[in-house]
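Okay, here's what each chain looks like letter by letter:
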Amino acid sequence: MDISEGVHARLALHNATIEDSDDELRAELAETRAVTSETELVAVPDTRETLDGTTSSSPAEEFGGAGFHTETIVVRTGRPVLTIHRDAAQLSFTDPDSEVWRTRLSAASDSLIRAARAVGRIEVTGHDASWLGTGWLLAPNVIVTNRHVAQEFGRAAGAQFVFRQGILGPMTASIDFLEEANRPEDLTFAMTEILHIEDDAGPDIALLRVDQTGPGTPAPIPMSQDPVVDDFLAVIGYPARDSRIPDQALMEQIYGDLYDKKRLAPGRLTRKQGPVILHDCTTLGGNSGSVVVSLTTGEAVGLHFAGRFLEANFAVAAPVVQQRLSAVLGRRGRPATPAVTVDTVGAGTFDTATPTAGGPARFSAVVPLRITVEIGDPYTDNPSAVSAPAPTTASPPTPGISTEDLVIEGIAADYLGRSGFSQTFLGADAAVTLPVVNDHDDVLVFDDNGRDGTVLNYEHFSVVMSRTRRMCLYSAVNIDGKQRARADRTQWRRDPRIPDHAQISKECYGPAPKFSRGHMTRREDPVWGPETVAARANNDSMHVTNAVPQMQTFNAGVWLDLENYALQNARRDQMRISVITGPFLHDDDPIKFDVRIPVAFWKVIVFIHDTTGALTATGYSLSQGEFLSEQEFVFGQHKTTQRRIEWIEQKAGLSFGDITALDPYREPESPDTELDNIHQIQFV
């Protein structure tokens, strides 16, 4: 199945799911299909006019013709995205009018207007981006948004939270309750205090104090105590153009080339999953922090935080948000994240549970099997955190929902400022070029802001991906030893610039006997420079594109000291090195959990030697081959060996260019001489 067929199939499935759950809408959409029959679509022009007067290919032409065109009209009718102007959703549709949604939204008009007034765009100064997401008024002078939004400008400092350092000083944040289409005025209030940013183990919540002085301040949105499955909803927020979506033409058709402004998208609450509710409203990056409002009651039923385009969307349930607000306003200092236990079998009530002393923060669900919903790295749950009886063995996850699929949503331009690996980092006359991959067909090509890209640039490092193996061919980083910073480990994340199916997110990862994620560029290596830059680099290092499967008991020995030892030998006045690391990807690598697992890795380190003043390049390999057997796949002590860069080129299918000639190492008679300690390395 090619990409166009996959998009068409996914869109058709999405539409079928909507129709199966809504009798009124099903009848209306059947009529829509009849009107837009394939016979009539013969006359559809091959080009369409854009806002700037130019023309481009129609989505029907790009994605398979009339059938696709019909399905796009169905989704735009069944799950429309409406413009908000002067607090009210504009009930006009570019496709056949949906009388069903017109009736439902008109009946809820008063409560939707009240809710829309309390939703704003979170804007910042001192950050690379001008705005970061959506927030809304939860209580007098209190804004709620997502943790992953607030972490961009705030951080924990002991028992409190502070604004991060920006380009010219501390960052500032504000919220503009307008930012509507064709409305130039603003209604902006400053954020005066970061009340709370939830730990990574807890729900995706942050609370901010807002200075609500002056005219025009909206009223808080009331909170639902018991969200109801199959209730009709509306998400209100600020969707941004999202480069992660592989079907860009479809996104343009749905959103009408209007982004970054307040929009309303109706839909349905499809499931309650522990502290999370699932809904099928249409969202994009930028909707992070949006309010999810019940059309029945006018109350907020959730805080939107993640989604998969046209597949599923996720929100923190309103009772969990309300509990967190009460806990934060009722205490001083910064408490540990509480566990949140949810029973969705009975009345769907939400109850807090006190964490065990000294235990990790977590939240669990009874659905009806007791499972652990993880936001962050895996951990072993504590049965005592749930009042209901729990089985003694681990329960399987709920079918169709994987916690690893909860994707942090961001603004489409998040990665535009990433310059990646610098070839002249060591000096203009000491250039280090990225390796050339011999098998060009295996290099993943992606849409890089309108052009073909092959290099994923992050803060201080870059990654090139294997198309067939769905992991990196190599990861290249610049390390500045004089500006190194410390940062706490954050969550793993997928890269939105490439399709989900092009990167390994979860198949082979998990508790033993599955694998852990092993960094190619070490997490701490790109973390240097000003605080905001170092924090961004730390987050970037946690992309699954920078990881390969690694045994839980990985024991790398000398391997982990290579960068530090090279820094000790680099020019004292600079202490800079460039490092390129990758797996050896071979056709006979063993398959475990449906993933072909690399059994050896390589590393090349380049720096200007402090003693000789010469540019030096050395290569290394890490192998656990002796500990593989036909009966069982196990790793023991891992051997690090210094290698000729030419040897790495041959085994890895790469060309390192001019730096190959800089390698001072000469292979001994025994080519597999293991490095017992770093002082055995030949730098000169």
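Keep in mind it's a predicted model, so treat the numbers as computed, not measured. For every chain, the first residue of the written sequence is number 1, and numbering continues from 1 onward in sequence order. Local features in this predicted model are restricted to residues whose pLDDT is 70 or higher, and side-chain atom pairs enter the listing and the counts only when it is 80 or higher, whereas totals over whole chains, interfaces and linings include all residues. As a rule here, side-chain values cover all heavy atoms of the structure and leave hydrogens and water aside.

Asker: Would you take a moment to explain the overall build of the chain for this structure?
Answerer: By the criteria applied, helices consist of DSSP H or I runs no shorter than four residues and strands consist of E runs no shorter than two, each listed in order from the N terminus. Each helix and strand in the chain was counted, giving 13 helices and 37 strands. Counting the 684 residues in the chain, one finds 55% classified as buried. Note on definitions: a residue-residue contact is assigned when non-hydrogen atoms from the two residues lie within 4.5 Å. A fraction of 68% describes how many contacts in the chain between residues 6 or more apart in sequence connect residues 24 or more apart. Accessible surface area values rest on a Shrake-Rupley calculation with a 1.4 Å probe, where residue burial reflects the displayed protein chains alone. By element, 50% of the accessible surface of the chain is carried by carbon and sulfur atoms, the whole surface being about 28500 Å². Buried means the residue's accessible area, taken with a 1.4 Å probe over protein chains only, is under 20% of the maximum for its type, while exposed means over 50%, and partly exposed covers the values in between.

Asker: In this structure, what is going on with the pairing of strand β14 (residues 263-273)? I would like to understand it.
Answerer: Within a regular beta strand, the side chains point alternately toward one face of the sheet and then the other, so they alternate between its two faces. Most of β14 is tucked away, with 9 of its 11 residues classed as buried. Two strands form a pair only when DSSP identifies at least two bridges running between them. By the bridge criterion, 2 bridges tie strand β3 (residues 82-85) to β14 in an arrangement that is antiparallel. Following the sheet pairing, L82 is matched in β14 by L264. Sheet topology places β14 next to strand β15 (residues 276-279); 4 bridges connect them, and they run antiparallel. When the sheet's bridge partners are listed, Q273 is paired in β15 with V276.

Asker: Help me understand the sheet that holds strand β7 (residues 142-145), please; the structure alone is not making it clear to me.
Answerer: Note on sheets: strands pair through backbone hydrogen bonds, and any given pair is parallel or antiparallel. Read once around its circumference, the closed barrel built from 6 strands follows the order β5-β6-β7-β12-β11-β10, with strand pairing classed as antiparallel. Each neighbouring strand pair of the sheet contributes to a mean axis angle of 45°, computed without reference to strand direction. By the bridge criterion, 3 bridges tie strand β10 (residues 172-176) to strand β11 (residues 188-197) in an arrangement that is antiparallel. Directly across from D176, in β11, lies its bridge partner T188. Think of each axis as a best-fit line through the C-alpha atoms, taken over the contacting stretch in the case of a helix, with angles from 0 to 180 degrees between the N-to-C directions. In the packing of helix α10 (residues 318-329) onto the sheet, the strands contacted are β6 (131-139), β7, β11 and β12 (206-210), and the crossing angle to β11 comes to about 85°.

Asker: Please clarify how the nonpolar core should be interpreted in this entry.
Answerer: Generally speaking, a soluble globular protein has its nonpolar side chains buried in company with each other. If you look at the biggest cluster of nonpolar residues, it comprises 83 residues, and the most contacted ones within it are W136, F153, M191, L207 and I236. At 6 residues, the largest contribution of residues to this core is made by β6. Other than its neighbours up to four places away in sequence, L207 contacts L138, V142, I143, V144, I194, L195, H196, R324, L325 and V328. Y458, F461, I498 and A566 belong to the second-largest nonpolar core, a separate cluster that totals 38 residues. The definition of a nonpolar core used throughout is a set of buried Ala, Val, Leu, Ile, Met, Phe, Trp, Tyr and Cys residues joined through side-chain atoms within 4.5 Å.

Asker: Can you help me understand the pattern of salt bridges in this one?
Answerer: Opposite charge on two side chains allows them to pair when their charged atoms are near. A side-chain nitrogen of Lys or Arg and a carboxyl oxygen of Asp or Glu constitute a salt bridge if their distance falls within 4 Å. Applying the stated criterion across every chain, the model contains 26 salt bridges. Of the charged contacts in the structure, one is a salt bridge between R183 and E185, with a shortest N-O distance of 3.0 Å. Judged by relative accessible area, which is 15%, R183 ranks as buried. One salt bridge connects D495 with R497, and the closest N-O pair in it is separated by 2.7 Å. Here D495 matches R497 in class, with each residue buried. If you follow the salt bridges from partner to partner, you end up with R121, E123, E179 and K261 in one network.

Asker: How do you make sense of unusual backbone geometry when you look at a structure like this?
Answerer: Residues other than glycine predominantly adopt negative phi, and peptide bonds predominantly adopt the trans conformation. One non-glycine residue, D260, lies in positive phi territory at about 70°. You can see D260 is positioned in the loop between α9 (248-255) and β14. Positioned with a positive phi, H460 is a non-glycine residue whose angle comes to about 75°. Structurally, H460 can be placed in the loop between β26 (456-457) and β27 (461-465).

Asker: Is there a simple way to think about helix α6 (residues 99-107) in this case?
Answerer: Each α-helix winds once per 3.6 residues, and so residues spaced three or four apart point in a common direction. Within α6, the full set of buried residues consists of V100, W101, R104 and L105. Buried positions in α6, seen along its axis, are confined to an arc of 115° and lie on one side of it. Facing away from the buried side of α6 by more than 90 degrees, the exposed set consists of T103 and A107. The arc refers to the directions leading from the helix axis to the C-beta atoms.

Asker: Where do I start with the confidence of the model for the chain in this structure?
Answerer: Detailed reading of the predicted coordinates is not advisable wherever pLDDT is low. Residue-level confidence of the predictor is what pLDDT reports, using numbers from 0 through 100. Mean pLDDT for the chain: 75, with 68% of residues reaching 70 or above. When pLDDT is averaged over each element of the chain, β27 comes out on top at 98 and strand β22 (residues 370-372) at the bottom at 32. Ignoring residues within four places in sequence, the model shows residues 92-96, a span with pLDDT below 50, making 13 contacts including any to other chains. Note on residues 332-407: pLDDT under 50 across the span, and 155 contacts to partners over four residues away in sequence or across chains.

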